[in-house]
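One letter stands for each residue in the lines below.
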Amino acid sequence: TRRGEVQMNLKTDFPVEIFKTDRRKTASIKIVDGGVHVIVPKRLSDARVKDLILKRTSWIQQKLRIQSETVPPKPKEYVSGESFTYLGKNYKLKLIPNGDGEVKMKGKYLTLGYPKILSETDRKSFVKGSLEDWYKGHALSRLTEKTKRYGKMLRVNPQLVSIKNYKSKWGSCSSTGEIFFNWKVIIAPLHIVDYVVVHELCHMLEHNHSAAYWSHVKSIIPDFNQDRQWLKVNGVGLFV
């Protein structure tokens, strides 16, 4: 891949870099650290590249705005008193030395016993793993329940409901009716979880993002655009 600086009068208010390569047959645009990377086939003329960028300017500006609004999440320390979110509500972590090793929700607390003999590094690893297991278990249970409920409303019946550890998406629906959800969505408020479930179920009716597809989503969640926007801005903060 050869990297080339844009030497065009684009009249845009954002930095643009061009990456020309023989490995691609189509062009793509990526937003990276507040700038725009345009990856294009080597044979594409500068005029075509310029035209592509100008046509996608409003889309680029929207993506840049979302990225600028996103607050980088603070890494977790896995210590007593730290806040963890479940279904949009915050709970304080309460670690109990030599407790039973199970995460339990008690009032406004998530309690967890841990072996006192552990080093700080091992304790953090133990707490993180225990919390993730707890979240995954609750995610599968809640998402399965919601999938059945909304599936009846949409008159679809998935063959399988499961969870995965996706890095950049909240769910997927296969052509054979298998639905997978990112378990981290269970950290979000209930209405966001509902939107993600409906979003994937509607792909059983339309395996695309056409107008017909969005009309199915809207029939269940009229203000789905607000939920989509919430995920774009806040999704990066959904982690344990």
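1. A short note on the pattern of salt bridges
For step 1, the next point in the chain: Within the structure shown, the criterion is met by seven salt bridges.
For step 2, the next point in the chain: Between Glu132 and Lys128 there is a salt bridge whose closest N-O contact spans 2.8 Å. Here Glu132 pairs with Lys128, and both are found in helix α3 (residues 120-154), just four residues apart, close to one helical turn.
For step 3, the next point in the chain: Judged by relative accessible area, which is 17%, Glu132 ranks as buried.
For step 4, the next point in the chain: Overall, the relative accessible area of 31% leaves Lys128 in the partly exposed class.

2. Examining the sheet that holds strand β7 (residues 104-106)
For step 1, the next point in the chain: Taken in spatial order, the four strands line up as β5-β6-β8-β7 in an open sheet, and their pairing is mixed. Edge positions in the open sheet fall to β5 (83-86) and β7, since each of these has one partner strand only. Going from strand to strand, the sheet's axes swing by 40° on average, the running direction of each strand aside.
For step 2, the next point in the chain: Of the strand pairs in this sheet, β7 and strand β8 (residues 109-114) are connected by three bridges, and their pairing is antiparallel. If you follow Met105 over to β8, its bridge partner there is Leu110.
For step 3, the next point in the chain: Running over the sheet, α3 touches β5, β6 (89-97), β7 and β8 and is turned about 130° from β8.

3. Some thoughts on the confidence of the model for the protein chain
Caution applies to low-pLDDT regions: their predicted coordinates should not be interpreted in detail.
For step 1, the next point in the chain: Looking at the protein chain, the pLDDT average stands at 90 and 95% of residues meet or exceed 70.
For step 2, the next point in the chain: Every residue in residues 1-7 is under pLDDT 50, and counting partners more than four places away or in other chains gives 16 contacts.

4. Considerations on helix α6 (residues 224-234)
In an α-helix, one turn spans 3.6 residues; hence positions three or four apart end up facing the same way.
For step 1, the next point in the chain: When we look at burial in α6, the residues that qualify are Phe224, Asp227, Leu231 and Val233.
For step 2, the next point in the chain: Close packing links the buried residues of α6 with α2 (57-69), α4 (190-202) and α5 (211-220).

5. Re the side chain of Lys184
For step 1, the next point in the chain: Positionally, Lys184 belongs in the loop between β11 (178-182) and α4.
For step 2, the next point in the chain: Put simply, Lys184 is tucked away with no salt bridge, and the nearest opposite charge, on Glu132, sits 6.5 Å away.
For step 3, the next point in the chain: Apart from the residues lying within four places of it in its own chain, the contact partners of Lys184 are Asn165, Tyr166, Trp170, Leu238 and Phe239.

6. Thoughts on unusual backbone geometry
For step 1, the next point in the chain: Backbone geometry places Tyr78, a non-glycine residue, at a positive phi of 60°.
For step 2, the next point in the chain: Among the secondary structure elements, Tyr78 is positioned in the loop between α2 and β5.
For step 3, the next point in the chain: The residue Arg155 is not glycine, and still its phi comes out positive at about 60°.
For step 4, the next point in the chain: Relative to the helices and strands, Arg155 is located in the loop between α3 and β9 (160-164).
For step 5, the next point in the chain: Take Arg155: its relative accessible area is 79%, and that puts it in the exposed class.

7. Observations regarding the state of the cysteines
For step 1, the next point in the chain: Counted under the stated rule, the structure contains zero disulfides.
For step 2, the next point in the chain: Counting only cysteine sulfurs, Cys202 is the nearest neighbor of Cys173, a cysteine outside any disulfide, at a range of 9.9 Å.
For step 3, the next point in the chain: Accessibility expressed as a relative area gives 11% for Cys173, which makes it buried.

8. Structural notes on the packing of α3 against α4
Helix-helix packing is described using two parameters, namely the angle between the two axes and the distance between the axes.
For step 1, the next point in the chain: Contact geometry for α3 and α4: axes closest at 9 Å, N-to-C directions at 55°. Regarding the angle of α3 to α4, the classification is oblique. The two elements α3 and α4 meet at a crossing, and its hand is right-handed. Across the interface between the two elements, Arg142, Leu143, Lys146, Thr147, Arg149, Tyr150, Gly151 and Leu154 of α3 pack against Leu190, Val193, Asp194, Val197, Val198, Leu201 and Cys202 of α4.

9. Notes on the sheet that holds β9
For step 1, the next point in the chain: Within the open sheet, the three strands sit side by side as β9-β11-β10. Their pairing is mixed. Across the chains shown, the open sheet's two edge strands, defined by having one partner strand only, are β9 and β10 (171-173). Geometrically, the sheet is characterised by an average inter-axis angle of 15° between neighbouring strands, direction not taken into account.
For step 2, the next point in the chain: Relative to β11, β9 runs parallel, the two sharing five bridges. Residue pairing in the sheet places Ser162 in a bridge with Phe180 of β11.

The rules behind each value
- Residues numbered from 1 in each chain as written.
- Predicted model: local features only at pLDDT ≥ 70, side-chain atom pairs only at ≥ 80, totals over all residues.
- Heavy atoms only, no water.
- Salt bridge = Lys/Arg side-chain N within 4 Å of Asp/Glu carboxyl O.
- Helix = DSSP H or I, 4+ residues; strand = E, 2+ residues; numbered from the N terminus.
- Buried < 20%, exposed > 50% of the residue type's maximum accessible area, 1.4 Å probe, protein only.
- Pairing = 2+ DSSP bridges.
- Axes fitted to C-alpha atoms, helices over the stretch in contact; angles between N-to-C directions.
- Contact = heavy atoms within 4.5 Å.
- pLDDT = per-residue confidence, 0-100.
- Lys, Arg positive; Asp, Glu negative; His and termini not counted.
- Disulfide = S-S within 2.5 Å.
- Parallel < 35°, antiparallel > 145°, perpendicular 65-115°, else oblique.
- Left-handed = near helix turned anticlockwise from the far one by under 90°.

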